[in-house]
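Next come the chains, spelled out residue by residue.
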Amino acid sequence: MSTSIPGEPWSTGVARDDEGALVVAGVPAARLAAEVGTPAYVLDEADLRARAAGYRRAFAAAFAEVGAGVDVYYAGKAFLSVAVARWVHDEGLRVDTASGGELAVALRAGVPGADLGLHGNNKSDDELALALEHGVGRIIVDSLVEIERLAALVRARGGAPAPVMVRVTTGVHAGGHEYISTAHEDQKFGLSVAAHGDGDSPAMTALLAVLSHPELHLLGIHSHIGSQILDPSGFEVAARVVLALRAALAERTGVLVDEVDLGGGYGIAYLPGDVALDPDRIAKDVAASVAAAAAELGTPLPRFSIEPGRAIVGPAGLTLYTVGTVKPVRVDDETERLYVSVDGGMSDNIRPALYGARYHAEVVGRLSSAPSVLARVVGKHCESGDVVVHEVQLPGDVRAGDLLAVAATGAYGRSMASNYNLLTRPPVVAVRGGEVRTLLRRETVDDLLALDQG
Ligand SMILES: Cc1ncc(COP(=O)(O)O)c(C=O)c1O
């Protein structure tokens, strides 16, 4: 039987036992299925912690080499629960949130406000007030309107100026293997560094607006260029653009801001053979290029920060499903595809339907010597686009009752899950040293009915 286990894209704690069954951090898949049911998201705690610590160490070392400090924020949008917020904070990371809900979870975990950031292109007054109340370390503003609203809130509340970063768009969009640099931005996030006509760019206008308000303290400039980035050059180009903007602001106002955030987007392996971005290599490349840019500009280096989400939690997670219906479908005269239906689908992993994202699956409850066949793993939703894995080789004898695992689903799986077709969202369980712990319990039909006011 062909198997990619152990190795990427599986977490480091994933192995097969002598019978060929999957074991995660000492816990057999069959035990997981019996104890928590399927579908279930399974997080390998030690793997997640090691990735968090690895990013922190790699960036601290590389930036220390060029004389700059760096903070790593875990982007909670990838997946956030109280336990995960605690783990990453234990490993020396701060936490980036993108809504009042994410902020509330990080606060419940005991992460101090000073170690939190709040993002969002349309934050509500309540979200901004929550951030101010808890002394959130940085509010990343995304529009001129928000700058005015935040200043007014601080004025009304009294107290210290709110620490603010301005999110800018550098014209660099990255993802996959390449980046493209465009003259302007046609998307909802950030303020463009590109000036049109004689006026200031939207980014410069926003920076000046923050400086004009005594209720706001301008910490720095923020740039996030994309996701699943496998080529470091996009980060380097964007960092240069941000440093140039920082220098231009200093020349104009005498204010050289202290901080620059380079965002998240560090790519991971989803399929066997994919090569994830190596944190040590990317940290060295980016540190060297910001040092060179700052030297060219004649400005001292700021303190940097980054916001990886997927790279911390993605590879640490897998989804365990039970196979139901198996149906051969003739695609053309030469090709037959085996449609393998599982007990979840687009409600627990929307990424294949939304982005055409590719995943890898294996039958994990037993060893099979049957020759492999071309298969498509699909869910149980009333939607033909309800695909979990577009194309994968599975043993030809795959059958109802088999356990099937999909690798690298820790990021943007549960966090983007829905109740489509009124399916209940699966639990998230953590495994470590042979122990299973539920982080989020499975939803029940009673949970769904409790929302329905009749
Ligand atoms: C501002 C910001 N920071 C960080 C991230 C995390 O990206 P990733 O999970 O790809 O590292 C995102 C993702 O959308 C983002 O918008």
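No experiment lies behind these values; they were computed from the predicted model shown. Residue positions within a chain follow its written sequence, with the count starting from 1. The predicted nature of this model means local features are confined to residues of pLDDT at least 70 and side-chain atom pairs, given and counted, to a pLDDT of 80 or more, with totals for whole chains, interfaces and linings taken over all residues. Based on all heavy atoms of the structure, the side-chain values leave hydrogens and waters out of the count.

Thoughts on the domain arrangement of the protein
Here is step 1: For the purposes of this description, domain bounds are those given by an automatic or database domain assignment. Parsing the protein into structural domains produces domain 1 (14-45 + 316-451) and domain 2 (68-313).
Here is step 2: Averaged C-alpha coordinates put domain 1 and domain 2 at centres separated by 34 Å.
Here is step 3: Buried surface area refers to the total accessible area, computed with a probe of radius 1.4 Å, that the two partners give up upon joining, counted for both partners together. Roughly 1,500 Å² of surface becomes buried between domain 1 and domain 2 when both sides are summed, with 66% attributable to carbon and sulfur atoms.
Here is step 4: Here a salt bridge means any side-chain nitrogen of Lys or Arg lying within 4 Å of a carboxyl oxygen belonging to Asp or Glu. The tally of links between domain 1 and domain 2 comes to 0 salt bridges.
Here is step 5: Here a polar contact means two N or O atoms within 3.5 Å. Within protein one must be a hydrogen donor candidate and the other an acceptor candidate, and residues neighboring in sequence count only if both atoms are side-chain atoms. Inspection of the domain 1/domain 2 interface yields 6 residue pairs in polar contact (both at pLDDT 80 or more).

As for the side chain of Asp348
Here is step 1: Within the fold, Asp348 resides in the loop between strand E18 (336-342) and helix H11 (351-355).
Here is step 2: In this structure Asp348 is buried but unpaired, with Arg442 as the nearest side chain of opposite charge at 8.2 Å.
Here is step 3: Within polar-contact distance, the side chain of Asp348 engages the side chain of Tyr321 at 2.5 Å.
Here is step 4: Here the side chain of Asp348 touches Gly345 through a polar contact of 2.8 Å, landing on its backbone nitrogen.
Here is step 5: In this structure, Asp348 is in contact with Pro39, Tyr41, Thr319, Tyr321, Gly413, Arg414, Ala417 and Pro426, ignoring residues within four places of it in sequence. Each helix corresponds to a stretch of at least 4 residues labelled H or I by DSSP, and each strand to a stretch of at least 2 residues labelled E; elements are numbered beginning at the N terminus. In this scheme, a residue with accessible area under 20% of its type's maximum is buried, one over 50% is exposed, and one in between is partly exposed, where area comes from a 1.4 Å probe on protein chains only. A residue counts as positive if it is Lys or Arg and as negative if it is Asp or Glu; His and the chain ends are not included. Whether two residues touch is decided by their heavy atoms; if any such pair falls within 4.5 Å, the residues are in contact.

Section: the UniProt feature "active site" (unreviewed entry) in the protein
Here is step 1: UniProt positions are given in the numbering used here, feature names are shortened, and annotations may be inferred rather than shown by experiment. Taking the numbering used here, the UniProt-annotated feature "active site" (unreviewed entry) corresponds to Cys382.
Here is step 2: Secondary-structure assignment places Cys382 in the loop between strand E20 (372-378) and strand E21 (387-395).
Here is step 3: Classification of Cys382 by relative accessible area gives exposed; the value is 63%.

Observations concerning helix H3 (residues 82-90)
Here is step 1: Taken together, the buried positions of H3 are occupied by Ala83, Val84, Ala85, Trp87 and Val88.
Here is step 2: A positive backbone phi angle near 95° is found at Gly92, which sits one or two residues after H3.

Concerning unusual backbone geometry
Here is step 1: Cis geometry is adopted by the peptide bond preceding Pro6, which originates at Ile5 and carries an omega value of -5°.
Here is step 2: Counting through the fold element by element, Pro6 comes out in the segment before strand E1 (14-16).
Here is step 3: Along the chain, Thr38 connects to Pro39 via a cis peptide bond; the corresponding omega equals -5°.
Here is step 4: By secondary structure assignment, the location of Pro39 is in the loop between helix H1 (29-36) and strand E4 (40-44).
Here is step 5: The backbone of Tyr412 shows a phi angle near 60°, a positive value even though the residue is not glycine.
Here is step 6: Of the residues examined, Tyr412 reaches a relative accessible area of 17% and is grouped as buried.
Here is step 7: Even without being a glycine, Leu422 presents a positive backbone phi close to 55°.
Here is step 8: With respect to the helices and strands, the residue Leu422 is situated in the loop between strand E22 (403-407) and strand E23 (428-432).
Here is step 9: Taking relative accessible area as the criterion, Leu422 reaches 61% and is therefore assigned exposed.

As for the packing of aromatic side chains
Here is step 1: The aromatic pairing rule takes the rings of Phe, Tyr and Trp, using the six-membered ring of Trp, and pairs them if the centres are within 6.5 Å, calling planes under 30 degrees apart stacked, those over 60 edge-to-face and the rest tilted. Across all of its chains, the model carries 7 aromatic pairs by this definition.
Here is step 2: Where Tyr55 meets Phe59, the ring centres are 6.0 Å apart and the plane angle is 10°; that geometry is what we call stacked. Remark: Phe59 and Tyr55 occur in helix H2 (residues 45-65); sequence separation between them is 4 residues, near one turn of the helix. Accessibility assignment for this pair places Tyr55 and Phe59 in one class, buried.
Here is step 3: Geometrically, the ring pair formed by Phe59 and Phe63 is stacked, given 5.8 Å between the ring centres and 20° between the ring planes. Of this pair, Phe59 and Phe63 both sit in helix H2, 4 residues apart, which is roughly one turn of the helix.

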